[in-house]
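# Structural overview for review
The residues making up each chain are set out below.
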Amino acid sequence: MLDAAAERFIDQVRALSAESFAAAFDRAVALRRVGGKEASRATKPSAAENSELEHAVREVLLPRADELNAVRGGLHADAKSGVVIAGRAVLKMAQLTPEQYEVLVAPFVEVGVDVPAHPGRG
């Protein structure tokens with residue numbers, strides 16, 4: 001079962017507009033070049049956790065596939081990828097440095113999603 005923080009993250013993502021998903025994905029791509037790729041590799045959910053997270057994200061985004069793809073071709077897949085990566089960060093924030101966590105969740109924070117603070121930030 002996903003923890004409460006990951007569930008809240010997914011619930012908030014559900015309300016994003018298609019344009020917000022596009023902006024978040026574009027920002028995540030830009031941040032991959034400045035530490036995002038390494039940060040993403042540092043999250044290590046179990047296979048069961050990862051499967052549950054991916055299922056929850058699919059459940060939220062699949063009904064919106066046509067809407068997302070109408071804004072930009074392939075946005076449904078891009079949004080799923082971006083949400084899963086940020087969701088892993090929320091789920092496994094204790095495995096990440098504050099900087100790694102920030103680079104992974106920033107694209108969604110910038111479009112209005114409230115994420116929990118990293119335990120190392122105080």
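The structure contained in this document is the topic of the report that follows. Treat the numbers as computed from the prediction; the structure is a model and nothing was measured. (Residues numbered from 1 in each chain as written. Predicted model: local features only at pLDDT ≥ 70, side-chain atom pairs only at ≥ 80, totals over all residues. Heavy atoms only, no water.)

### Quick word on the overall build of the protein chain
Short version of the rule: The way it works is that DSSP assigns letters per residue, a run of H or I at least four long becomes a helix, a run of E at least two long becomes a strand, and they are numbered from the N terminus. Atoms counted for the radius of gyration: C-alpha only. Globule rule: 2.2 Å times the number of residues to the power 0.38. The classification of residues rests on relative accessible area computed with a 1.4 Å probe and restricted to protein chains. Under 20% of the type maximum is buried, over 50% is exposed, and intermediate values are partly exposed. Residues are treated as being in contact if the distance between any of their heavy atoms lies within 4.5 Å. Residue burial considers only the protein chains on display, and all accessible areas are found by Shrake-Rupley using a 1.4 Å probe.
When helices and strands are tallied, the protein chain shows six helices and zero strands. Ordered by position from N to C terminus, the α and β elements of the protein chain give α-α-α-α-α-α. Taken over the C-alpha trace, the protein chain has a radius of gyration of 13 Å; the compact-globule value for 122 residues is 14 Å, and the two agree within 12%. Looking at the protein chain residue by residue over its 122 residues, the buried ones come to 44%. Expressed as a percentage of contacts within the protein chain between residues at least 6 apart in sequence, the contacts between residues at least 24 apart total 71%. Put simply, the protein chain shows about 6200 Å² of open surface, and 54% of that area lies on carbon and sulfur atoms.

### A few points about the nonpolar core
Note on soluble globular proteins: their nonpolar side chains tend to be buried together. Put simply, the rule is: Joining through side-chain atoms within 4.5 Å is the link that ties buried Ala, Val, Leu, Ile, Met, Phe, Trp, Tyr and Cys residues into a set, and such a set is a nonpolar core.
Counting 37 residues, the largest nonpolar core has Phe9, Phe21 and Phe108 as its most contacted members. Looking at this core, the elements with two or more residues in it are helix H1 (4-14), helix H2 (18-42), helix H3 (47-61), helix H5 (75-91) and helix H6 (98-109). If you tally residues by element for this core, the top one is H5, at eight residues. Excluding residues that lie within four positions of it along the chain, Phe9 makes contacts with Val83, Ala86, Gly87, Val90, Phe108, Val113 and Val115.

### What about the environment of Ser40?
Mapped onto the elements, Ser40 comes out in helix H2. According to the relative accessible area criterion, Ser40 is buried, its value standing at 16%. Spatially, the C-alpha atom of Ser40 lies 7.0 Å from that of Leu104, the residues being 64 residues apart in sequence. Apart from residues no more than four positions distant in its own chain, Ser40 is found in contact with Arg32, Ile85 and Leu104.

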